[in-house]
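# Descriptive analysis of the structure
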Amino acid sequence: MITTVTLNPAEDKTFTAARLILGQVNRIDSVKNIAGGKGINVTKVLRQYGYPVRALGFLGGYTGKFIEDYVKSIGAECLFTYVDGETRVNINILSQDGYVTELLEPGPDIREKELDAFFEDFNKGIADSDLVILSGSAPEHVPAAVYYDLILQAKNKGKKVILDSSGIYLKESINACPYMVKPNIRELEVLSGRRIKRMEDAIGAALQIGGRGINHVMVSMGAKGLLYINDREIMYAKAPEVKAVNTVGCGDSVVAAFAVAEKQGMGNEELLKFCVGVSAANATTLESAVIPMDKTEELIEQVKIIRY
Ligand SMILES: Nc1ncnc2c1ncn2[C@@H]1O[C@H](COP(=O)(O)OP(=O)(O)OP(=O)(O)O)[C@@H](O)[C@H]1O
Ligand SMILES: [Mg+2]
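Keep in mind it's a predicted model, so treat the numbers as computed, not measured. (Residues numbered from 1 in each chain as written. Chains lettered and ligands numbered in written order. Predicted model: local features only at pLDDT ≥ 70, side-chain atom pairs only at ≥ 80, totals over all residues. Heavy atoms only, no water.)

Mapped onto the fold, Ala 154 is located in helix α4 (residues 146-156). On the basis of relative accessibility, which here comes to 0%, the residue Ala 154 falls in the buried class. Taking the C-alpha atoms as reference points, Ala 154 and Leu 131, 23 residues apart in sequence, are found 9.1 Å from one another. Not counting chain neighbours up to four residues away, the residues in contact with Ala 154 comprise Phe 122, Ile 126, Val 132, Lys 159 and Val 161. (Helix = DSSP H or I, 4+ residues; strand = E, 2+ residues; numbered from the N terminus. Buried < 20%, exposed > 50% of the residue type's maximum accessible area, 1.4 Å probe, protein only. Contact = heavy atoms within 4.5 Å.)

Here it is as structure tokens:
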């Protein structure tokens, strides 16, 4: 079993419209609603590879129910913690004049007793999992060090923890030393306090993070690819060139692919190629975290590795 945690899931609504005019009535041509949030995306990819997954996090209201129904429909187990507030809806408006307008809700306020309930659910939810994946940021009133506590709890029970977060949530938890961390360049800058312009900068910062006792550091660099560091190896994998349709969820695809590779006992070079191939494949589909399996094999074969 693999446990995923999404503290701030969202329903992603995509509207298309001819144009959007502020202060006027705007008619929408089409609507597409999907369950989103980084850990939900990881869950989606893991289910496509057929792994049993249990999804945890905060949900509330009708939107929460929509997300739970979706997660069940893809065959994942749900152990969400229900809160009084309402799960957020993020609106993306694509207008024909080329503008993309986003309206992002903050998410529900989490009360102290709801946070306590989540920690209880987490304890239960990880019991039979060997891998625990913590993704994304958190809603209001969740302490910045939430992942620090969750990582220690899971590690105490012998679980491997994968962390993919940003800003304060990442910075406050890194000293708990997860098994794997996947910052992008911006997140690595925040973590290391250094500007990253060249590959050497990224390697230096990743070594500094890994040196604290994290087994695997993966730095994602968008279309450029992925840098991988452990205590013996430094490898860079260039991403294959693809016609990118939607790169949202590429980071989540790397995280899910890492978990698959770990389950399959892949060596580090194979693992790195797999993560880059799967995330490049994600970029070719319109819906986030949908991996076209037929293209993935071919993309994995195209990945070139440079050792430093
Ligand atoms: N245009 C692209 N073409 C090929 N591969 C890509 C492209 N964009 C991203 N990838 C692959 O996906 C990986 C993760 O992407 P990225 O660095 O954008 O993650 P991220 O910033 O964490 O994204 P998010 O948090 O939105 O999922 C990259 O390391 C790369 O291997
Ligand atoms: Mg990311």
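Taking the UniProt record as the reference, the feature "domain: Carbohydrate kinase PfkB" (unreviewed entry) is found at residues 22-286. In the segment residues 22-286, helix accounts for 40% and strand for 22%; the C-alpha atoms at its two ends are 27 Å apart. (UniProt positions renumbered as here; feature names shortened; annotations may be inferred.)

Quick look at helix α2 (residues 61-73) now. Side chains three or four residues apart in an α-helix point the same way, a direct result of the helix having 3.6 residues per turn. Over its 13 residues, α2 runs 18 Å from end to end, which matches the ideal 18 Å to within 8%, given 1.5 Å per residue. Regarding α2, the residues found buried are Thr 63, Gly 64, Ile 67, Glu 68 and Val 71. Viewed along the axis of α2, the buried residues span an arc of 140 degrees, placing them on a single side of the element. Across from the buried face of α2, at angles greater than 90 degrees, the exposed residues are Tyr 62 and Ser 73. Directly after α2, the chain includes Gly 75, whose backbone phi takes a positive value near 85 degrees. (Expected span 1.5 Å × (residues − 1). Arc of directions from axis to C-beta.)

Next up on the list: helix α6 (residues 185-192). Looking at α6, one finds that the buried residues are Glu 187, Leu 188, Glu 189, Leu 191 and Ser 192. Buried-residue contacts for α6 involve β10 (160-164), α5 (167-171), α7 (199-210) and β12 (216-220). The N-cap residue of α6 is Asn 184: its side-chain oxygen and the backbone nitrogen of Arg 186 are 3.2 Å apart. Directly after α6, the chain includes Gly 193, whose backbone phi takes a positive value near 70 degrees. (Polar contact = N/O pair within 3.5 Å; in protein donor to acceptor, adjacent residues only side chain to side chain.)

Burial analysis of strand β8 (residues 100-104) places just zero of its five residues in the buried class, a small minority of the element. Relative to β8, strand β7 (residues 88-95) runs antiparallel, the two sharing five bridges. The residue bridging Ile 91 from the neighbouring strand is Leu 103, located in β8. Between β7 and the antiparallel strand that follows it, β8, lie four residues; Gly 98 among them carries a positive phi value of about 95 degrees. (Pairing = 2+ DSSP bridges.)

The way to describe two aromatic rings as a pair is by their centre distance and the angle between their planes. Evaluated as defined, the whole model comprises five aromatic pairs. Pairing Phe 58 with Phe 118 gives two aromatic rings, centres 5.2 Å apart and planes at 45 degrees, and the pair type is tilted. A residue pair is termed long-range when its members are at least 10 positions apart, and Phe 58 in strand β4 (residues 53-59) and Phe 118 in helix α3 (residues 112-125) qualify at 60 residues. Take Phe 58: its relative accessible area is 2%, and that puts it in the buried class. Grouped by ring-pair contacts, the aromatic residues Phe 58, Phe 118, Phe 119 and Phe 122 constitute a single cluster. (Phe/Tyr/Trp six-rings, centres within 6.5 Å; stacked < 30°, edge-to-face > 60°.)

Attention now goes to the site of ligand 1. Taken together, 21 residues surround ligand 1, and among them Lys 38, Ser 220, Gly 222, Gly 225 and Gly 251 come closest. Gly 222 is positioned with one of its backbone polar atoms (N or O) 2.8 Å from an oxygen atom of ligand 1. Compared with its free state, where it exposes 630 Å², ligand 1 has 86% of that area covered by protein. Secondary-structure elements contributing two or more residues to the shell around ligand 1 are β13 (225-229), α8 (250-264) and α9 (268-283). If one sorts the elements of the shell around ligand 1 by residue count, α8 sits on top with four residues. Of the residues belonging to the shell around ligand 1, the class tally is ten nonpolar, eight polar and three charged. (Near = heavy atom within 4 Å. Areas by Shrake-Rupley, 256 points an atom, 1.4 Å probe, with all protein chains shown as cover. Nonpolar A, V, L, I, M, F, W, Y, C, P; charged D, E, K, R; others polar.)

Attention now moves to the pairing of β10. By the criterion of burial, β10 is predominantly enclosed, with four of the five residues buried. Here strand β9 (residues 131-135) runs beside β10; their pairing, made up of five bridges, is parallel. Residue pairing across strands places Ser 135 opposite Asp 164, the latter belonging to β10. Read from β9 through α4 to β10, the crossover connection turns out right-handed. Alignment of β10 against strand β11 (residues 180-181), held across two bridges, turns out to be parallel. Paired with Leu 163 across the bridge in β11 is Val 181. (Right-handed = clockwise from strand over helix to strand, strands pointing away.)

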